[in-house]
Amino acid sequence: MHGPETDAAQDVLAGEATRVLDLCRARGLTVATAESCTGGLVAAALTAIAGSSDVVDRGVVTYSNAAKREMLGVSAATLEAHGAVSEETAREMVDGLLRIAGTSLGVSVTGIAGPGGGSEAKPVGLVHFAAGTREGKVIARREVFAGQDRAGVRRLATLTALAMLAELAGTQD
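The paragraphs below set out a description of the structure included in this document. No experiment lies behind these values; they were computed from the predicted model shown. (Residues numbered from 1 in each chain as written. Predicted model: local features only at pLDDT ≥ 70, side-chain atom pairs only at ≥ 80, totals over all residues. Heavy atoms only, no water.)

## Focus: the overall build of the chain
Then, number 1: Of the regular secondary structure elements, the chain holds six helices and five strands.
Then, number 2: Ordered by position in the sequence, the α and β elements of the chain form the string α-β-α-β-α-α-α-β-β-β-α.
Then, number 3: Compactness check: the chain gives a C-alpha radius of gyration of 15 Å against a globular reference of 16 Å for 173 residues, within 12% of the reference.
Then, number 4: Here the C-alpha coordinates of the chain stretch approximately 40 × 40 × 25 Å along the principal axes. (Helix = DSSP H or I, 4+ residues; strand = E, 2+ residues; numbered from the N terminus. Rg over C-alpha atoms; globule rule 2.2 N^0.38 Å.)

## Considering the environment of Ala169
Then, number 1: Its place among the elements puts Ala169 in helix α6 (residues 150-171).
Then, number 2: When its relative accessible area of 0% is taken as the criterion, Ala169 is described as buried.
Then, number 3: For the pair Ala169 and Gly40, spaced 129 residues apart in sequence, the C-alpha to C-alpha distance is 20 Å.
Then, number 4: Ala169 has contacts with Leu23, Cys24, Arg27, Leu29 and Leu105, leaving out every residue within four places of it along the chain. (Buried < 20%, exposed > 50% of the residue type's maximum accessible area, 1.4 Å probe, protein only. Contact = heavy atoms within 4.5 Å.)

## Some thoughts on the sheet that holds strand β2 (residues 56-61)
Then, number 1: Pairing is mixed across the open sheet formed by five strands, whose spatial order is β2-β1-β3-β4-β5. Both edges of this open sheet fall to β2 and β5 (138-144), since each of them pairs with a single strand only. Looking at each pair of strands side by side, their axes are set apart by 10 degrees on average, direction ignored.
Then, number 2: Relative to β2, strand β1 (residues 31-35) is paired through five bridges, and the arrangement is parallel. Its bridge partner lying in β2, Glu35 is registered against Val61.
Then, number 3: Lying over the sheet, α6 contacts β1, β3 (105-111), β4 (126-133) and β5, oriented at roughly 20 degrees with respect to β4. (Pairing = 2+ DSSP bridges. Axes fitted to C-alpha atoms, helices over the stretch in contact; angles between N-to-C directions.)

## Description of helix α5 (residues 87-101)
Then, number 1: With 15 residues, α5 ought to run about 21 Å at 1.5 Å a step, and its terminal C-alpha atoms sit 21 Å apart, in line with that.
Then, number 2: When we look at burial in α5, the residues that qualify are Thr89, Ala90, Met93, Val94, Gly96, Leu97, Leu98 and Ala101.
Then, number 3: One or two residues past the end of α5 sits Gly102, with phi positive at roughly 70 degrees. (Expected span 1.5 Å × (residues − 1).)

## Considerations on the packing of helix α3 (residues 65-72) against α5
Then, number 1: Direction vectors running N to C along α3 and α5 enclose 35 degrees, while the axes themselves pass 9 Å from each other. Here α3 and α5 pass one another in a crossing that is left-handed. Mapping the contact onto sequence places Lys68, Met71 and Leu72 in α3 and Thr89, Glu92, Met93, Gly96, Leu97, Arg99 and Ile100 in α5.
Then, number 2: Across the contact of α3 with α5, the residue classes break down as five nonpolar, two polar and three charged. (Left-handed = near helix turned anticlockwise from the far one by under 90°. Nonpolar A, V, L, I, M, F, W, Y, C, P; charged D, E, K, R; others polar.)

## Here's the deal with the pattern of salt bridges
Then, number 1: Throughout the structure, instances matching the rule amount to six salt bridges.
Then, number 2: Between Arg91 and Glu87 there is a salt bridge, with its nearest N and O atoms 2.7 Å apart. With a gap of four residues between them, Arg91 and Glu87 both fall in helix α5, about one helical turn apart. (Salt bridge = Lys/Arg side-chain N within 4 Å of Asp/Glu carboxyl O.)

## Observations regarding unusual backbone geometry
Then, number 1: Between Gly114 and the following residue, Pro115, the backbone shows a cis peptide bond with an omega angle of 5 degrees.
Then, number 2: Along the chain, Pro115 falls in the loop between β3 and β4.

## Describing the nonpolar core
Then, number 1: In terms of nonpolar packing, the biggest core is built from 33 residues, with Cys24, Leu46, Leu105, Val109, Val127, Phe129 and Leu162 touching the most fellow members.
Then, number 2: Listing elements by their share of this core, those giving two or more residues are α1 (4-27), α2 (41-47), β3, β4 and α6.
Then, number 3: The greatest single-element share of this core, amounting to 10 residues, is contributed by α6.
Then, number 4: Residue contacts for Leu105: discarding those within four places in its chain leaves Cys24, Leu29, Thr30, Val31, Ala32, Leu98, Gly132, Thr133, Leu165, Leu168, Ala169 and Gln172.
Then, number 5: Of all hydrophobic cores here, the second largest spans 10 residues; its members include Ala34, Val74, Ala84 and Ala101. (Core = buried A, V, L, I, M, F, W, Y, C linked by side-chain atoms within 4.5 Å.)

So, in structure tokens, the structure goes:
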């Protein structure tokens, strides 16, 4: 599936990924990702750039609740009380990621890409993000990418995660 729109979308992703890598390189920072609904697209965008291995350490895809618990230490109580698609889960995902990876920065993504799986309280397109530093600073974001198909939700979520990493990287000295 190629065409002007697909190529433009890829250019935007590559530009944002390059920005993250450049900011991290300039500050000696490393990055890890924990992804659910994006299925590794954030890590893929970063590692599509030649030379990214000096910044990118690892990416984990924790699609199931069991994977979130086992690999990242998200508590069963959090998943039970708030669900996988919640700020609380996104925060625990990035906390666990930073603990296991030991990187300077980390980002987590959890959401409902659709087309099914949504509800009135948690519509299709709802995505929660958390980005954090090894020192404990965390920023969280909630977005609803309404009117997007599955690919659109995943692409916009990937761009948002990259923007959050760039925001954090830009504040680290």
